[in-house]
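# Coordinates in review
Single-letter residue listing:
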Amino acid sequence: MGKEPPLGDGKVFANRGQSLTHAGAPMKPLSEIPDTTLRAVKAVLTDIDDTLSLHGRLPAVAYAALEQLQKAGIKVIPVTGRPAGWCDHIARMWPVDAVVGENGAFYFAYDEKARHMDRIYAQDADTRSRNTEKLWAIARKVLVDFPGTAIASDQAYREIDVAIDFCEDVPALPLATAQAIAAQFHAEGAEAKVSSIHVNAWFGQHDKLSMSRRLLQERFAVAPEAQTAAVAYCGDSPNDAPMFAGFPLAIGVANVRPYLDIMAHKPAFVTAGEGGHGFAEFAAALLQAQR
């Protein structure tokens, strides 16, 4: 899954243990979330890489937290940049209620009783096909312009976007390189988001937030006006910024800190633990409040 890109001198999480105030935007510790706010939560949405995972692995505590939340009647929805093939597996095999994938290109929800996977896309098939051709023309140029990058190893399982690896299976490149790659896609009219491991690019207006809102309304009958209080979101990197903006109960795991300077919207709260351990920390606080 994910690993952290170097910053500046190559050190990661250099501000670990420093004040939670960063670039004028304070993040509060979990202990400051009111119990009344936690008791209102009906759905937990969460990024996967470096939010549920830690150093490329899914800790047992994170998986157990997903299962505990679901057993408590809370809807659990990963919202990820990972590919359709992975999302199909996650929707079938993990203790989750649906998955938003490829940065909002679709949502998958598995009906166990009917043994049927619902696949809902932001674009029709013809549009997806045309956009794929345009994206690959840009991606091939990016690989030449940014030595050391590669097409992500999970690209074979993607349906909509192109993922440029700058940190997962290649020697880690600086975060500034990832930002420059995203800028090149933007210059060609594409959308692009930087995660902790990839730059994901696509054509279209969808993102994590728009598809998450659609899923909540269509699948779980949570009206847009009710989502503010009913939904919590956990994330760790710049492509989570729309979600941090859209849901007031926005939680960053501790390893969000290196990205704060380039995020237009930051989480309101932060965990003490990194990755999946931080997610489990939030899940425990939520379940305790709801008990």
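Just above sits the structure.
Conventions and cut-offs
Residues numbered from 1 in each chain as written. Predicted model: local features only at pLDDT ≥ 70, side-chain atom pairs only at ≥ 80, totals over all residues. Heavy atoms only, no water. Helix = DSSP H or I, 4+ residues; strand = E, 2+ residues; numbered from the N terminus. Expected span 1.5 Å × (residues − 1). Buried < 20%, exposed > 50% of the residue type's maximum accessible area, 1.4 Å probe, protein only. Arc of directions from axis to C-beta. Contact = heavy atoms within 4.5 Å. Salt bridge = Lys/Arg side-chain N within 4 Å of Asp/Glu carboxyl O. Core = buried A, V, L, I, M, F, W, Y, C linked by side-chain atoms within 4.5 Å. Pairing = 2+ DSSP bridges. Phe/Tyr/Trp six-rings, centres within 6.5 Å; stacked < 30°, edge-to-face > 60°. Lys NZ or Arg CZ within 6 Å of the ring centre and 35° of its normal. Axes fitted to C-alpha atoms, helices over the stretch in contact; angles between N-to-C directions. Right-handed = clockwise from strand over helix to strand, strands pointing away.

Before going further, it helps to spend a moment on helix H2 (residues 60-71). Compared with the 16 Å implied by 1.5 Å per residue over 12 residues, the 16 Å span of H2 between its first and last C-alpha is a close match. All of the buried residues in H2 are Ala 62, Ala 65, Leu 66 and Leu 69. The arc that holds the buried residues of H2, viewed along the axis, is 100 degrees, so those residues lie on one side. H2 presents Ala 60 and Lys 71 as exposed residues on the side facing more than 90 degrees away from its buried surface. Against the buried residues of H2 lie strand S4 (43-46), strand S5 (75-78) and helix H9 (275-290). A positive phi of about 90 degrees marks Gly 73, the residue just after H2.

Turning next to the pattern of salt bridges. Counted according to the given criterion, the structure contains 12 salt bridges. Here Asp 88 ties to Arg 119 by a salt bridge, and the two come within 2.6 Å at their closest N and O atoms. One end of the pair, Asp 88, is in helix H3 (residues 84-93); the other, Arg 119, is in strand S8 (residues 116-121), and 31 residues separate them in sequence. Accessibility expressed as a relative area gives 16% for Asp 88, which makes it buried. Measuring nitrogen to oxygen at the nearest pair gives 2.4 Å for the salt bridge that ties Arg 219 to Asp 118. Of this pair, Arg 219 sits in helix H6 (residues 208-220) while Asp 118 sits in strand S8, and the two are 101 residues apart along the sequence. Looking at Arg 219, the relative accessible area reads 29%, which means it is partly exposed. For Asp 118, a relative accessible area of 25% corresponds to the partly exposed category. Residues joined by salt bridges that share partners form a network here, namely Asp 49, Arg 82, Asp 154, Arg 158, Asp 161 and Glu 168.

Ranked by internal contacts, the top residues of the largest apolar core, which has 86 residues, are Leu 45, Leu 69, Phe 185, Val 199 and Phe 282. Tallying contributions element by element places H9 first for this core, with seven residues. Setting aside chain neighbours within four positions, we find Phe 282 in contact with Leu 30, Ile 33, Leu 38, Val 44, Ala 232, Cys 234 and Ile 251.

Among the five residues of strand S12 (residues 198-202), five are classified as buried, and the element is accordingly described as predominantly covered. Side chains His 198, Asn 200 and Trp 202 project from S12 onto one buried face, and the interleaved Val 199 and Ala 201 project onto a second face that is buried too. Judged from the four bridges that link them, strand S10 (residues 162-165) and S12 form a sheet pairing that is antiparallel. Bridging from a neighbouring strand, Ala 163 pairs with Asn 200 of S12. Of the strand pairs in this sheet, strand S11 (residues 191-194) and S12 are connected by four bridges, and their pairing is antiparallel. Across the sheet, Val 194 pairs through a bridge with Val 199, a residue of S12. Between S11 and S12, which pair antiparallel in sequence order, lie three residues.

On to the packing of aromatic side chains, then. One pass over the structure, following the stated rule, counts five aromatic pairs. For the pair Tyr 63 and Trp 94, a centre-to-centre distance of 6.2 Å together with 75 degrees between the ring planes defines the contact as edge-to-face. Here Trp 94 lies in the loop between H3 and strand S6 (99-101) and Tyr 63 lies in helix H2, a separation of 31 residues in the sequence. Given a relative accessible area of 12%, Trp 94 falls into the buried group. Taken together, the ring pairs in this structure connect Phe 106, Phe 108 and Tyr 121 into an aromatic cluster. Positioned above the aromatic ring of Phe 108, the side-chain terminus of Arg 119 is 5.5 Å from the ring centre. If you follow Arg 213 out to its NZ or CZ, it ends over the ring of Phe 247, 5.0 Å from the centre.

On to the sheet that holds strand S9 (residues 150-151). Read across the open sheet, the four strands follow the order S9-S10-S12-S11; overall the sheet is antiparallel. In this open sheet, the two strands that pair with only one neighbour each are S9 and S11. Against the sheet, helix H5 (residues 175-187) contacts S10, S11 and S12, and its axis sits at roughly 170 degrees relative to S11.

The subject of this paragraph is the pairing of S5. With four bridges connecting them, S4 and S5 associate as parallel partners. Within S5, the position partnered with Leu 45 by the bridge is Ile 77. For the crossover from S4 across H2 to S5, the handedness is right-handed.

Moving on, we get to H9. Over its 16 residues, H9 extends 23 Å from the first C-alpha to the last, a length consistent with the 22 Å expected when each residue adds 1.5 Å. Within H9, the full set of buried residues consists of Gly 275, Gly 276, Gly 278, Phe 279, Ala 280, Phe 282, Ala 283, Leu 286, Leu 287 and Ala 289. Those residues of H9 that are buried lie in contact with helix H1 (35-39), S4, H2, strand S13 (231-235) and strand S14 (250-252).

Function cannot be inferred from these measures alone, as they are strictly geometric.
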